[in-house]
Amino acid sequence: MPSIKFETEERMSKIYTPKEMLAALVAFDTTSRNSNLELIEFVEDYLSSHGVESHRVPSPCGTKANLYALVGPSIEGGVVLSGHTDVVPVDGQDWSTNPFQLVEKDQRLYGRGTCDMKGFDALALCAVPKAKAADLKRPLQIALSYDEETNMDGATRLVPEMVAALPPADAVIVGEPSEMRVVTGHKGSMMMMTHVTGYEVHSSLVHEGVPAVMVAARLIGWLEAQMASNRVNAPADSRYVPPYTTLHAGKIHGGTAQNITAKECSFSTDIRTVPPESSEDWLSAWRAECARVEADIQAIRPEAKIEVELQGNLPGCDPQQATAAEAICRQLTGDNGEHVVSYGTEAGLFQKGGYSTCICGPGSIAQAHQPDEFIEVAQLAAGEAFMDRLVARLAS
(Lines give C-alpha, C1' and ligand atoms only; values in the text may rest on other atoms or scores of the structure.)
Protein backbone atom coordinates (compact mmCIF):
# COMPACT_ATOMS: atom_id res chain seq x y z
CA MET A 1 0.00 0.00 0.00
CA PRO A 2 1.51 3.38 -0.89
CA SER A 3 2.25 6.01 1.71
CA ILE A 4 1.30 9.37 0.28
CA LYS A 5 2.78 12.23 2.30
CA PHE A 6 2.68 15.97 1.73
CA GLU A 7 6.23 17.35 1.71
CA THR A 8 5.71 21.08 1.33
CA GLU A 9 3.04 23.62 2.17
CA GLU A 10 2.53 24.20 -1.55
CA ARG A 11 1.91 20.52 -2.16
CA MET A 12 -0.33 20.22 0.91
CA SER A 13 -2.75 22.82 -0.41
CA LYS A 14 -2.76 21.43 -3.92
CA ILE A 15 -5.98 21.77 -5.89
CA TYR A 16 -6.53 18.35 -7.41
CA THR A 17 -8.50 17.67 -10.56
CA PRO A 18 -11.03 14.84 -10.16
CA LYS A 19 -8.80 12.58 -12.23
CA GLU A 20 -5.77 13.36 -10.05
CA MET A 21 -7.72 12.77 -6.86
CA LEU A 22 -9.15 9.54 -8.24
CA ALA A 23 -5.63 8.35 -9.09
CA ALA A 24 -4.52 9.07 -5.53
CA LEU A 25 -7.47 7.17 -4.01
CA VAL A 26 -7.21 4.17 -6.34
CA ALA A 27 -3.53 3.79 -5.42
CA PHE A 28 -4.54 2.75 -1.90
CA ASP A 29 -5.44 -0.95 -1.77
CA THR A 30 -8.46 -0.59 0.48
CA THR A 31 -9.89 -4.03 -0.22
CA SER A 32 -12.27 -4.63 2.69
CA ARG A 33 -9.94 -7.18 4.32
CA ASN A 34 -7.24 -4.47 4.54
CA SER A 35 -6.86 -1.34 6.62
CA ASN A 36 -8.04 1.94 5.10
CA LEU A 37 -6.06 4.12 7.50
CA GLU A 38 -3.47 5.35 4.99
CA LEU A 39 -6.27 6.61 2.74
CA ILE A 40 -7.94 8.24 5.75
CA GLU A 41 -4.64 9.92 6.73
CA PHE A 42 -4.28 11.21 3.17
CA VAL A 43 -7.80 12.68 3.29
CA GLU A 44 -7.18 14.21 6.72
CA ASP A 45 -4.01 15.92 5.48
CA TYR A 46 -5.77 17.12 2.35
CA LEU A 47 -8.74 18.56 4.26
CA SER A 48 -6.47 20.16 6.86
CA SER A 49 -4.44 21.80 4.10
CA HIS A 50 -7.62 23.54 3.02
CA GLY A 51 -8.53 24.60 6.55
CA VAL A 52 -11.14 21.89 7.15
CA GLU A 53 -11.21 19.95 10.41
CA SER A 54 -12.14 16.28 10.11
CA HIS A 55 -13.09 13.63 12.63
CA ARG A 56 -12.40 9.91 12.73
CA VAL A 57 -14.79 7.20 13.89
CA PRO A 58 -12.51 4.17 14.37
CA SER A 59 -13.50 0.55 13.98
CA PRO A 60 -13.50 -1.58 17.15
CA CYS A 61 -10.28 -3.29 16.02
CA GLY A 62 -8.59 0.04 15.34
CA THR A 63 -7.35 -0.90 11.87
CA LYS A 64 -10.02 1.06 9.99
CA ALA A 65 -11.85 4.32 10.37
CA ASN A 66 -14.70 6.40 9.09
CA LEU A 67 -14.21 10.11 8.56
CA TYR A 68 -16.59 13.04 8.57
CA ALA A 69 -16.08 16.75 8.07
CA LEU A 70 -18.04 19.98 7.71
CA VAL A 71 -17.22 22.80 5.30
CA GLY A 72 -18.90 26.15 5.85
CA PRO A 73 -21.05 27.43 8.69
CA SER A 74 -21.96 25.00 11.45
CA ILE A 75 -25.71 25.41 10.99
CA GLU A 76 -28.69 23.35 9.86
CA GLY A 77 -29.68 22.94 6.23
CA GLY A 78 -26.56 21.47 4.68
CA VAL A 79 -26.00 18.53 2.35
CA VAL A 80 -24.01 15.38 3.15
CA LEU A 81 -21.93 13.69 0.46
CA SER A 82 -21.60 10.03 1.49
CA GLY A 83 -19.14 7.53 0.04
CA HIS A 84 -17.35 4.36 1.12
CA THR A 85 -13.59 3.89 0.94
CA ASP A 86 -13.36 0.09 0.71
CA VAL A 87 -13.37 -1.95 -2.49
CA VAL A 88 -13.97 -5.59 -3.39
CA PRO A 89 -11.07 -8.01 -4.02
CA VAL A 90 -9.37 -8.47 -7.36
CA ASP A 91 -8.44 -12.09 -6.53
CA GLY A 92 -9.03 -14.44 -9.44
CA GLN A 93 -10.02 -11.64 -11.81
CA ASP A 94 -8.29 -11.22 -15.16
CA TRP A 95 -7.18 -7.58 -15.25
CA SER A 96 -5.39 -6.13 -18.26
CA THR A 97 -4.05 -3.23 -16.16
CA ASN A 98 -2.75 -2.80 -12.62
CA PRO A 99 -5.99 -2.53 -10.61
CA PHE A 100 -4.38 -0.12 -8.13
CA GLN A 101 -3.01 2.29 -10.71
CA LEU A 102 -5.35 4.59 -12.59
CA VAL A 103 -5.09 4.01 -16.35
CA GLU A 104 -6.88 6.06 -19.00
CA LYS A 105 -7.81 4.38 -22.30
CA ASP A 106 -10.49 5.25 -24.83
CA GLN A 107 -12.15 7.86 -22.60
CA ARG A 108 -12.35 5.42 -19.69
CA LEU A 109 -10.50 5.48 -16.38
CA TYR A 110 -9.59 1.96 -15.24
CA GLY A 111 -8.81 0.80 -11.72
CA ARG A 112 -10.38 -0.94 -8.75
CA GLY A 113 -12.93 1.37 -7.18
CA THR A 114 -13.08 3.87 -10.05
CA CYS A 115 -16.78 3.19 -10.40
CA ASP A 116 -17.62 1.78 -6.96
CA MET A 117 -17.11 4.31 -5.56
CA LYS A 118 -13.87 6.24 -5.38
CA GLY A 119 -15.00 8.27 -8.39
CA PHE A 120 -17.66 9.91 -6.23
CA ASP A 121 -15.28 10.18 -3.28
CA ALA A 122 -12.82 12.04 -5.50
CA LEU A 123 -15.51 14.44 -6.66
CA ALA A 124 -16.65 15.12 -3.10
CA LEU A 125 -13.09 15.88 -1.99
CA CYS A 126 -12.42 18.07 -5.03
CA ALA A 127 -15.53 20.09 -4.13
CA VAL A 128 -14.00 21.07 -0.77
CA PRO A 129 -11.68 23.91 -1.93
CA LYS A 130 -14.45 25.21 -4.18
CA ALA A 131 -16.81 25.21 -1.20
CA LYS A 132 -14.20 26.99 0.93
CA ALA A 133 -13.91 29.73 -1.69
CA ALA A 134 -17.64 30.11 -2.21
CA ASP A 135 -18.68 31.66 1.13
CA LEU A 136 -21.27 28.98 1.81
CA LYS A 137 -24.52 29.98 3.47
CA ARG A 138 -25.23 26.34 4.35
CA PRO A 139 -22.65 23.65 5.02
CA LEU A 140 -21.30 20.86 2.91
CA GLN A 141 -20.66 17.71 4.94
CA ILE A 142 -18.37 14.84 3.89
CA ALA A 143 -18.89 11.27 5.12
CA LEU A 144 -16.46 8.47 4.23
CA SER A 145 -16.98 4.96 5.59
CA TYR A 146 -15.28 1.56 5.74
CA ASP A 147 -16.62 -1.98 5.17
CA GLU A 148 -19.57 -1.05 2.97
CA GLU A 149 -18.74 -4.01 0.75
CA THR A 150 -18.97 -6.51 3.63
CA ASN A 151 -21.31 -5.75 6.53
CA MET A 152 -21.64 -1.93 6.51
CA ASP A 153 -20.21 -1.81 10.02
CA GLY A 154 -18.58 1.51 9.16
CA ALA A 155 -21.76 3.41 8.30
CA THR A 156 -23.60 1.71 11.17
CA ARG A 157 -21.13 3.48 13.49
CA LEU A 158 -20.71 6.64 11.43
CA VAL A 159 -24.35 7.72 11.12
CA PRO A 160 -25.13 8.06 14.85
CA GLU A 161 -21.84 9.90 15.40
CA MET A 162 -22.78 12.43 12.73
CA VAL A 163 -26.29 12.81 14.11
CA ALA A 164 -24.84 13.61 17.54
CA ALA A 165 -21.97 15.86 16.42
CA LEU A 166 -23.17 17.85 13.41
CA PRO A 167 -26.07 20.20 12.72
CA PRO A 168 -29.00 18.43 11.00
CA ALA A 169 -28.57 18.31 7.24
CA ASP A 170 -31.38 18.76 4.75
CA ALA A 171 -30.20 15.88 2.59
CA VAL A 172 -27.77 13.00 2.21
CA ILE A 173 -26.55 12.09 -1.27
CA VAL A 174 -25.06 8.60 -1.37
CA GLY A 175 -22.85 8.55 -4.45
CA GLU A 176 -23.16 4.93 -5.56
CA PRO A 177 -22.90 4.54 -9.34
CA SER A 178 -26.29 5.49 -10.80
CA GLU A 179 -25.10 7.20 -14.02
CA MET A 180 -26.12 10.44 -12.29
CA ARG A 181 -29.73 9.35 -12.17
CA VAL A 182 -31.73 10.04 -9.02
CA VAL A 183 -32.38 6.75 -7.22
CA THR A 184 -34.86 7.02 -4.36
CA GLY A 185 -35.05 3.45 -3.07
CA HIS A 186 -33.28 0.12 -2.72
CA LYS A 187 -33.98 -3.29 -1.25
CA GLY A 188 -33.01 -4.28 2.28
CA SER A 189 -30.40 -7.01 2.71
CA MET A 190 -30.05 -9.60 5.45
CA MET A 191 -27.07 -11.97 5.60
CA MET A 192 -27.06 -15.20 7.61
CA MET A 193 -24.94 -18.28 8.12
CA THR A 194 -26.81 -21.47 9.01
CA HIS A 195 -24.90 -24.28 10.74
CA VAL A 196 -26.28 -27.82 10.72
CA THR A 197 -24.82 -30.35 13.17
CA GLY A 198 -25.70 -33.90 12.15
CA TYR A 199 -24.59 -37.37 13.25
CA GLU A 200 -22.00 -39.48 11.43
CA VAL A 201 -22.70 -43.05 10.40
CA HIS A 202 -21.75 -45.16 7.37
CA SER A 203 -23.93 -44.15 4.46
CA SER A 204 -25.31 -47.69 4.24
CA LEU A 205 -26.98 -46.96 7.61
CA VAL A 206 -28.14 -43.49 6.70
CA HIS A 207 -31.46 -44.06 8.50
CA GLU A 208 -29.57 -44.13 11.80
CA GLY A 209 -27.61 -40.93 11.18
CA VAL A 210 -28.36 -37.31 10.47
CA PRO A 211 -26.72 -36.27 7.17
CA ALA A 212 -25.99 -32.58 7.70
CA VAL A 213 -25.47 -31.91 3.99
CA MET A 214 -28.87 -33.34 3.10
CA VAL A 215 -30.53 -31.43 5.95
CA ALA A 216 -28.93 -28.26 4.61
CA ALA A 217 -30.25 -29.11 1.14
CA ARG A 218 -33.72 -29.46 2.62
CA LEU A 219 -33.47 -26.00 4.13
CA ILE A 220 -32.12 -24.51 0.92
CA GLY A 221 -35.10 -26.06 -0.86
CA TRP A 222 -37.34 -24.08 1.48
CA LEU A 223 -35.57 -20.88 0.45
CA GLU A 224 -36.12 -21.72 -3.22
CA ALA A 225 -39.79 -22.52 -2.62
CA GLN A 226 -40.35 -19.20 -0.84
CA MET A 227 -38.67 -17.30 -3.64
CA ALA A 228 -40.81 -19.12 -6.22
CA SER A 229 -43.92 -18.07 -4.30
CA ASN A 230 -42.68 -14.49 -4.13
CA ARG A 231 -42.07 -14.54 -7.87
CA VAL A 232 -45.62 -15.69 -8.61
CA ASN A 233 -47.13 -13.13 -6.24
CA ALA A 234 -44.96 -10.16 -7.17
CA PRO A 235 -46.93 -6.91 -7.52
CA ALA A 236 -47.37 -5.90 -11.13
CA ASP A 237 -46.48 -2.26 -10.40
CA SER A 238 -43.18 -2.93 -8.60
CA ARG A 239 -40.21 -0.97 -9.99
CA TYR A 240 -37.62 -3.34 -8.54
CA VAL A 241 -35.72 -5.86 -10.66
CA PRO A 242 -36.64 -8.54 -9.82
CA PRO A 243 -39.90 -7.23 -8.38
CA TYR A 244 -39.96 -9.55 -5.35
CA THR A 245 -37.98 -10.54 -2.27
CA THR A 246 -35.15 -12.93 -3.16
CA LEU A 247 -33.69 -15.70 -0.96
CA HIS A 248 -30.30 -16.95 -2.07
CA ALA A 249 -27.78 -19.50 -0.76
CA GLY A 250 -24.34 -18.47 -1.98
CA LYS A 251 -21.79 -20.67 -0.21
CA ILE A 252 -21.95 -24.16 1.32
CA HIS A 253 -19.39 -26.37 3.03
CA GLY A 254 -19.75 -29.73 4.73
CA GLY A 255 -19.00 -33.43 4.83
CA THR A 256 -15.83 -35.51 5.00
CA ALA A 257 -16.37 -38.49 2.66
CA GLN A 258 -18.81 -39.82 0.10
CA ASN A 259 -19.81 -42.80 2.28
CA ILE A 260 -20.22 -40.97 5.62
CA THR A 261 -23.26 -38.97 6.62
CA ALA A 262 -21.93 -35.46 7.15
CA LYS A 263 -21.56 -34.30 10.74
CA GLU A 264 -21.31 -30.62 9.85
CA CYS A 265 -22.63 -28.39 7.09
CA SER A 266 -22.80 -24.61 6.92
CA PHE A 267 -24.22 -22.37 4.23
CA SER A 268 -24.69 -18.66 3.69
CA THR A 269 -27.92 -16.93 2.78
CA ASP A 270 -28.88 -13.43 1.78
CA ILE A 271 -32.46 -12.25 1.73
CA ARG A 272 -33.13 -9.05 -0.18
CA THR A 273 -36.48 -7.57 0.74
CA VAL A 274 -38.65 -5.25 -1.30
CA PRO A 275 -40.14 -2.39 0.71
CA PRO A 276 -42.29 -2.47 2.75
CA GLU A 277 -41.57 -6.14 3.60
CA SER A 278 -39.71 -6.61 6.86
CA SER A 279 -36.34 -8.36 7.15
CA GLU A 280 -37.27 -9.20 10.72
CA ASP A 281 -40.38 -11.06 9.53
CA TRP A 282 -38.29 -13.10 7.09
CA LEU A 283 -35.75 -13.88 9.81
CA SER A 284 -38.57 -15.08 12.07
CA ALA A 285 -39.92 -17.29 9.28
CA TRP A 286 -36.45 -18.73 8.65
CA ARG A 287 -35.85 -19.46 12.33
CA ALA A 288 -39.27 -21.12 12.53
CA GLU A 289 -38.46 -23.39 9.56
CA CYS A 290 -35.07 -24.26 11.04
CA ALA A 291 -36.75 -25.10 14.37
CA ARG A 292 -39.25 -27.37 12.60
CA VAL A 293 -36.51 -29.26 10.76
CA GLU A 294 -34.39 -29.39 13.93
CA ALA A 295 -37.23 -31.14 15.76
CA ASP A 296 -37.28 -33.78 13.00
CA ILE A 297 -33.53 -34.50 13.18
CA GLN A 298 -33.47 -34.49 16.97
CA ALA A 299 -36.06 -37.26 16.91
CA ILE A 300 -33.29 -39.34 15.26
CA ARG A 301 -30.32 -38.03 17.29
CA PRO A 302 -30.96 -35.62 20.20
CA GLU A 303 -27.53 -34.00 19.77
CA ALA A 304 -28.30 -32.86 16.22
CA LYS A 305 -29.04 -29.17 15.93
CA ILE A 306 -29.44 -26.17 13.61
CA GLU A 307 -28.04 -22.75 14.50
CA VAL A 308 -28.64 -19.48 12.66
CA GLU A 309 -26.00 -16.75 12.85
CA LEU A 310 -27.20 -13.32 11.75
CA GLN A 311 -24.25 -11.59 10.07
CA GLY A 312 -25.91 -8.41 8.90
CA ASN A 313 -29.32 -6.82 8.62
CA LEU A 314 -29.22 -3.75 6.45
CA PRO A 315 -32.32 -1.61 6.07
CA GLY A 316 -33.69 -0.79 2.68
CA CYS A 317 -34.17 2.76 1.50
CA ASP A 318 -37.89 3.30 1.24
CA PRO A 319 -38.91 5.58 -1.63
CA GLN A 320 -40.58 8.64 -0.16
CA GLN A 321 -42.26 11.30 -2.21
CA ALA A 322 -41.14 14.95 -2.37
CA THR A 323 -38.23 14.67 0.06
CA ALA A 324 -35.53 17.33 0.29
CA ALA A 325 -32.83 14.97 -1.00
CA GLU A 326 -34.89 14.00 -4.01
CA ALA A 327 -35.78 17.62 -4.80
CA ILE A 328 -32.16 18.76 -4.57
CA CYS A 329 -30.85 15.95 -6.77
CA ARG A 330 -33.58 16.38 -9.36
CA GLN A 331 -32.86 20.09 -9.55
CA LEU A 332 -29.10 19.53 -9.92
CA THR A 333 -29.37 16.70 -12.48
CA GLY A 334 -32.58 17.47 -14.34
CA ASP A 335 -33.57 13.82 -13.93
CA ASN A 336 -37.26 13.38 -13.18
CA GLY A 337 -37.42 9.62 -13.73
CA GLU A 338 -38.50 7.15 -11.07
CA HIS A 339 -35.58 4.86 -10.22
CA VAL A 340 -35.00 2.18 -7.61
CA VAL A 341 -32.28 -0.49 -7.37
CA SER A 342 -32.03 -3.99 -5.98
CA TYR A 343 -28.53 -3.76 -4.53
CA GLY A 344 -27.93 -2.43 -1.03
CA THR A 345 -26.28 0.87 -0.09
CA GLU A 346 -25.68 2.95 3.01
CA ALA A 347 -28.70 5.09 2.08
CA GLY A 348 -30.98 2.91 4.20
CA LEU A 349 -28.81 3.52 7.27
CA PHE A 350 -28.86 7.29 6.75
CA GLN A 351 -32.63 7.19 6.20
CA LYS A 352 -33.05 5.15 9.38
CA GLY A 353 -30.94 7.81 11.15
CA GLY A 354 -33.51 10.44 10.23
CA TYR A 355 -31.91 11.92 7.11
CA SER A 356 -33.68 12.65 3.85
CA THR A 357 -31.64 10.44 1.55
CA CYS A 358 -31.23 9.47 -2.08
CA ILE A 359 -28.60 7.86 -4.30
CA CYS A 360 -26.89 9.72 -7.13
CA GLY A 361 -23.39 9.17 -8.41
CA PRO A 362 -21.26 8.76 -11.53
CA GLY A 363 -20.58 5.48 -13.28
CA SER A 364 -22.59 2.36 -14.06
CA ILE A 365 -23.30 -0.39 -11.55
CA ALA A 366 -22.62 -2.83 -14.41
CA GLN A 367 -18.91 -2.04 -14.00
CA ALA A 368 -18.84 -2.45 -10.22
CA HIS A 369 -16.85 -5.43 -8.91
CA GLN A 370 -15.78 -6.41 -12.43
CA PRO A 371 -12.26 -7.06 -13.78
CA ASP A 372 -11.04 -3.94 -15.60
CA GLU A 373 -13.51 -1.84 -13.62
CA PHE A 374 -13.79 1.62 -15.13
CA ILE A 375 -15.63 4.90 -15.06
CA GLU A 376 -16.29 6.89 -18.20
CA VAL A 377 -14.44 10.21 -18.36
CA ALA A 378 -17.77 11.78 -19.35
CA GLN A 379 -19.40 10.42 -16.18
CA LEU A 380 -16.68 11.93 -14.00
CA ALA A 381 -17.19 15.24 -15.78
CA ALA A 382 -20.95 15.04 -15.22
CA GLY A 383 -20.30 14.39 -11.54
CA GLU A 384 -17.98 17.40 -11.33
CA ALA A 385 -20.64 19.63 -12.89
CA PHE A 386 -23.14 18.27 -10.34
CA MET A 387 -20.78 19.21 -7.50
CA ASP A 388 -20.25 22.69 -8.91
CA ARG A 389 -24.01 23.25 -9.02
CA LEU A 390 -24.37 21.92 -5.48
CA VAL A 391 -21.71 24.29 -4.15
CA ALA A 392 -23.43 27.20 -5.92
CA ARG A 393 -26.74 26.17 -4.36
CA LEU A 394 -25.25 26.07 -0.85
CA ALA A 395 -23.70 29.49 -1.41
CA SER A 396 -26.92 31.15 -2.56
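That block above? That's the structure.
Structure report, in brief. Computed from a prediction, not measured in an experiment: that's the story for all the values here.

**Considering the overall build of the chain**
Move 1: Summing up its helical and strand segments, the chain has ten helices and 15 strands in all.
Move 2: For the chain, the C-alpha radius of gyration of 24 Å lies close to 21 Å, the compact-globule estimate for 396 residues.
Move 3: In terms of its C-alpha atoms, the chain occupies a principal-axis envelope of roughly 80 × 45 × 40 Å.
Move 4: Relative to its 396 residues, the chain shows a buried fraction of 52%.
Move 5: The long-range fraction of contacts in the chain, counting pairs at least 24 apart against all pairs at least 6 apart in sequence, stands at 81%.
Move 6: Of the charged side chains in the chain, 32 are positive and 52 negative, and the gap between their average positions amounts to 1 Å.

**Focus on the state of the cysteines**
Move 1: Taken as a whole and judged by the stated rule, the model has zero disulfides.
Move 2: Cys358 provides the cysteine sulfur closest to Cys329, a residue in no disulfide bond, and the two sulfurs are 3.2 Å apart.

**A short note on the sheet that holds strand β11 (residues 264-273)**
Strands pair in a sheet through their backbones, by hydrogen bonds, and they do so in one of two ways: parallel or antiparallel.
Move 1: Judged by pairing direction, the sheet is antiparallel, and its four strands sit side by side in the order β10-β11-β9-β12 without closing on themselves. Only two strands of the sheet have a single neighbouring strand rather than two, namely β10 (246-254) and β12 (305-314). In this sheet, neighbouring strand axes are inclined to one another by 15 degrees on average, regardless of whether the strands run parallel or antiparallel.
Move 2: In this structure, strand β9 (residues 188-197) lies alongside β12, joined through nine bridges in antiparallel fashion. Looking across to β12, one finds that Met190 is bridged to Asn313.
Move 3: Where helix α6 (residues 212-232) meets the sheet, its contacts fall on β9, β10, β11 and β12, and the angle it forms with β10 comes to roughly 170 degrees.
Move 4: Helix α7 (residues 279-298) rests against β9, β10, β11 and β12 of the sheet, and its axis sits at about 170 degrees to β12.

**With respect to the sheet that holds strand β15 (residues 374-376)**
Move 1: Sheet architecture is open: three strands sit in the order β4-β5-β15, paired in antiparallel fashion. One side of each edge strand has no neighbouring strand; the edge strands of this open sheet are β4 (103-105) and β15. Averaged over all pairs of adjacent strands, the angle between their axes in this sheet comes to 25 degrees, without regard to strand direction.
Move 2: As paired elements, strand β5 (residues 108-110) and β15 share three bridges and run antiparallel to each other. Counterpart to Arg108 in the pairing with β15 is Glu376.
Move 3: Contacts from helix α4 (residues 114-133) reach β5 and β15, with the element oriented near 55 degrees to β15.
Move 4: Docked against the sheet, helix α10 (residues 377-395) engages β4, β5 and β15, running at close to 65 degrees with respect to β15.

**Focus: the packing of aromatic side chains**
Move 1: The full count for this structure, using the stated rule, is seven aromatic pairs.
Move 2: With 6.2 Å between their ring centres and 90 degrees between their planes, Tyr16 and Phe42 make a pair best called edge-to-face. With a gap of 26 residues between them, Tyr16 in the loop between α1 (9-12) and α2 (18-26) and Phe42 in helix α3 (residues 37-49) connect regions that are remote in the sequence.
Move 3: Between the aromatic rings of Phe350 and Tyr355, the centroid separation amounts to 5.6 Å while the plane-to-plane angle is 70 degrees, which identifies the pairing as edge-to-face.
Move 4: The class for Tyr355 is buried, based on a relative accessible area of 7%.
Move 5: One Lys or Arg, Lys14, reaches over the ring of Tyr16 and ends 4.6 Å from the middle of that ring.

**Quick word on the environment of Glu41**
Move 1: Among the structural elements, Glu41 can be located in helix α3.
Move 2: Take Glu41: its relative accessible area is 29%, and that puts it in the partly exposed class.

**Considering the pattern of salt bridges**
Move 1: Taken as a whole and judged by the stated rule, the model has 20 salt bridges.
Move 2: Linking Glu338 and Arg330 is a salt bridge whose minimum nitrogen-to-oxygen distance equals 3.9 Å.
Move 3: A cluster of three or more residues bridged by salt bridges with shared partners is formed by Arg239, Glu326, Arg330 and Glu338.

**Brief notes about the nonpolar core**
Move 1: Met21, Leu47, Leu81 and Leu140 are the most contacted members of the largest nonpolar core, which totals 53 residues.
Move 2: Sorting elements by how many residues they give to this core places α4 first, with ten residues.
Move 3: Ignoring any residue separated from it by four or fewer positions in sequence, one finds Leu47 in contact with Val52, Ser54, Leu67, Ala69, Leu125 and Val128.

**As for unusual backbone geometry**
Move 1: A cis amide bond, omega -10 degrees, links Asp116 with the succeeding residue Met117.
Move 2: Following Pro275, the chain continues into Pro276 via a peptide bond in cis, with omega recorded as 5 degrees.
Move 3: Looking at the secondary structure, you find Pro276 in the loop between β11 and α7.
Move 4: Phi is positive for Asp106, close to 50 degrees, though the residue is something other than glycine.
Move 5: Inspection of the secondary structure assignment puts Asp106 in the loop between β4 and β5.

**Regarding the packing of α3 against α4**
The geometry of a pair of packed helices is captured by two quantities: the angle between their axes and the separation between those axes.
Move 1: Here α3 crosses α4 at 20 degrees, and the two axes come no closer than 10 Å. Between α3 and α4, the angle is such that the two are roughly parallel. Counted together, Leu39, Val43, Tyr46 and Leu47 of α3 and Lys118, Leu125, Cys126, Val128 and Pro129 of α4 form the full contact between these two elements.
Move 2: Looking at the contact of α3 with α4 residue by residue, the classes come out as eight nonpolar, no polar and one charged.

**With respect to the pairing of strand β6 (residues 140-145)**
Move 1: For β6, a buried count of six out of six residues is recorded, marking the element as mostly surrounded by other parts of the structure.
Move 2: Burial along β6 is two-sided: the residues Leu140, Ile142 and Leu144 and Gln141, Ala143 and Ser145 are all buried.
Move 3: Judged from the five bridges that link them, strand β2 (residues 65-71) and β6 form a sheet pairing that is antiparallel. Paired with Ala69 across the strands is Ile142, a residue of β6.

Reading guide: rules and limits
Residues numbered from 1 in each chain as written. Predicted model: local features only at pLDDT ≥ 70, side-chain atom pairs only at ≥ 80, totals over all residues. Heavy atoms only, no water. Helix = DSSP H or I, 4+ residues; strand = E, 2+ residues; numbered from the N terminus. Rg over C-alpha atoms; globule rule 2.2 N^0.38 Å. Buried < 20%, exposed > 50% of the residue type's maximum accessible area, 1.4 Å probe, protein only. Contact = heavy atoms within 4.5 Å. Lys, Arg positive; Asp, Glu negative; His and termini not counted. Charge placed at Lys NZ, Arg CZ, Asp CG, Glu CD. Disulfide = S-S within 2.5 Å. Pairing = 2+ DSSP bridges. Axes fitted to C-alpha atoms, helices over the stretch in contact; angles between N-to-C directions. Phe/Tyr/Trp six-rings, centres within 6.5 Å; stacked < 30°, edge-to-face > 60°. Lys NZ or Arg CZ within 6 Å of the ring centre and 35° of its normal. Salt bridge = Lys/Arg side-chain N within 4 Å of Asp/Glu carboxyl O. Core = buried A, V, L, I, M, F, W, Y, C linked by side-chain atoms within 4.5 Å. Parallel < 35°, antiparallel > 145°, perpendicular 65-115°, else oblique. Nonpolar A, V, L, I, M, F, W, Y, C, P; charged D, E, K, R; others polar.

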